[in-house]
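Observations on chain architecture
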Amino acid sequence: MYKKILVAVDLSDDSHKVIATAVRLAGDPAKLFLVHVVEPVAAAYSMDWYAVNINELHTEAIAFAGERLKTIAREEGLPEGQAYTLPGSPAAEVPNLAREIGADAIVIGSHGHSGWKAVMIGSTAMKLLHHATCDVLTVHVGGD
């Protein structure tokens, strides 16, 4: 049904459930591409006294996430070079990458909160829906 599926993962144990769903949908792991987006390290307050280099922290976070994503890709039997670690906002970067690689579907995990959490548009999956130009499948992982 789909030629290329971009699977957005958060690197948690739930990532394997999201990938497994995408594999069933694709029928072939070679059609899958993984992405993890590392959001910028934000300082909620002045950190002058910490003497922390925020750019260095962000670079380290991206490198760590990249290694974790490569491990997940290997565990799932995905071909080399089909895993992307990007800096930025997942809601913008995932749809951009989907367009860049020609994906015709995006699969992402969602915690499926109920009550006010469901009413408020704030989840990564919901924001991503507004930027996507292809099909988006959310996979329920955890939550209530």
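Values in this document were obtained by computation on a predicted structure and should not be read as measured data.

A look at the nonpolar core
Membership of the largest hydrophobic core comes to 21 residues, with the highest contact counts inside it found for Ile5, Val7, Ile19, Leu32 and Leu34. Elements represented by at least two residues in this core include exactly strand 1 (5-8), helix 1 (14-26), strand 2 (32-38), helix 2 (54-75) and strand 4 (105-110). Non-local contacts of Leu34, meaning those with residues more than four positions away in its chain, are made with Leu6, Val7, Ile19, Leu69, Ile72, Ala73, Leu78, Gln82, Ala83 and Tyr84. Judged by nonpolar contacts, the second largest core, of 16 residues, contains Val35, Leu97, Ile101 and Cys134.

Here we look at the sheet that holds strand 1
Taken together, the 5 strands give an open sheet; going across it, the order is 3-2-1-4-5, and neighbouring strands pair in parallel fashion. Two strands close off the open sheet at either side, each with one partner strand: strand 3 (83-87) and strand 5 (135-140). Pairs of neighbouring strands in the sheet enclose a mean axial angle of 25°, with direction left out of account. Pairing geometry for strand 2 and strand 3, over 5 bridges, is parallel. Looking at strand 3, one finds that Leu34 is bridged to Ala83.

Section: the confidence of the model for the chain
Considering every residue of the chain, the mean pLDDT works out to 84; 83% of them sit at 70 or more. Segment residues 115-122 is flagged for pLDDT under 50; beyond a separation of four residues in sequence, or across chains, it makes 4 contacts in the model.

As for the environment of Ile101
Mapped onto the elements of the fold, Ile101 is located in helix 3 (residues 90-101). The spatial distance from the C-alpha of Ile101 to the C-alpha of Lys4 is 8.2 Å, given a sequence separation of 97 residues. When neighbours within four sequence positions are excluded, Ile101 is seen to be in contact with Lys4, Leu6, Phe33 and Tyr84.

Looking at the environment of Gly27
On the secondary structure map, Gly27 appears in the loop between helix 1 and strand 2. Classification of Gly27 by relative accessible area gives exposed; the value is 65%. Along the primary structure Gly27 and Tyr2 are separated by 25 residues, whereas in three dimensions their C-alpha atoms are 9.1 Å apart.

Concerning the packing of helix 3 against helix 5 (residues 124-131)
Look at helix 3 against helix 5: their axes get within 8 Å of each other, and the N-to-C directions meet at 45°. Overall, the two elements helix 3 and helix 5 adopt an arrangement that is oblique. Seen from above, helix 3 lies across helix 5 with right-handed handedness. Every residue of helix 5 that contacts helix 3 at Pro90, Ala91, Val94, Pro95 and Arg99 is listed here: Thr124, Lys127, Leu128 and His131. Of the residues contributing to the contact of helix 3 with helix 5, the split by class is 5 nonpolar, 2 polar and 2 charged.

Re the side chain of Ser15
With respect to the element layout, Ser15 can be found in helix 1. Side-chain polar atoms of Ser15 contact the backbone nitrogen of Leu11, separated by 3.1 Å. With sequence-adjacent residues up to four places away left out, Ser15 is seen in contact with Val9, Asp10 and Ile72.

Definitions and limits used
In this convention, every chain numbers its residues from 1, walking through the sequence in written order. Residue-level local features of this predicted model are given only where pLDDT is at least 70; pairs of side-chain atoms are given and counted only at 80 or more, and the full residue set underlies all totals for whole chains, interfaces and linings. As a rule here, side-chain values come from all non-hydrogen atoms in the structure, and water together with hydrogens is ignored. In this text, buried Ala, Val, Leu, Ile, Met, Phe, Trp, Tyr and Cys residues form a nonpolar core when linked through side-chain atoms within 4.5 Å. Remark: exposure states derive from per-residue accessible area (1.4 Å probe, protein chains only) relative to the maximum for the residue type, with buried under 20%, exposed over 50%, and partly exposed in between. By definition, any uninterrupted DSSP run of H or I lasting at least four residues is a helix, any uninterrupted run of E lasting at least two residues is a strand, and each is numbered from the N terminus. Every residue pair with non-hydrogen atoms within 4.5 Å of one another is taken to be in contact. For two strands to count as paired, DSSP must find a minimum of two bridges between them. Geometry is summarised by axes, namely lines fitted to C-alpha atoms with helices restricted to the contacting stretch, and by angles between N-to-C directions that run from 0 to 180 degrees. pLDDT is a residue-level measure of predictor confidence that goes from 0 to 100. What sets the label is the angle itself: under 35 degrees gives roughly parallel, over 145 gives roughly antiparallel, 65 to 115 gives roughly perpendicular, and the rest give oblique. Left-handed is the label given to a crossing in which the near helix is rotated counterclockwise from the far helix by less than a right angle, and right-handed is the label when the rotation is clockwise. The classification used treats Ala, Val, Leu, Ile, Met, Phe, Trp, Tyr, Cys and Pro as nonpolar, Asp, Glu, Lys and Arg as charged, and all other residues, Gly among them, as polar. Under the rule applied, a polar contact is a pair of N or O atoms within 3.5 Å (in protein, one hydrogen donor and one hydrogen acceptor; residues adjacent in sequence only if both atoms are side-chain atoms).

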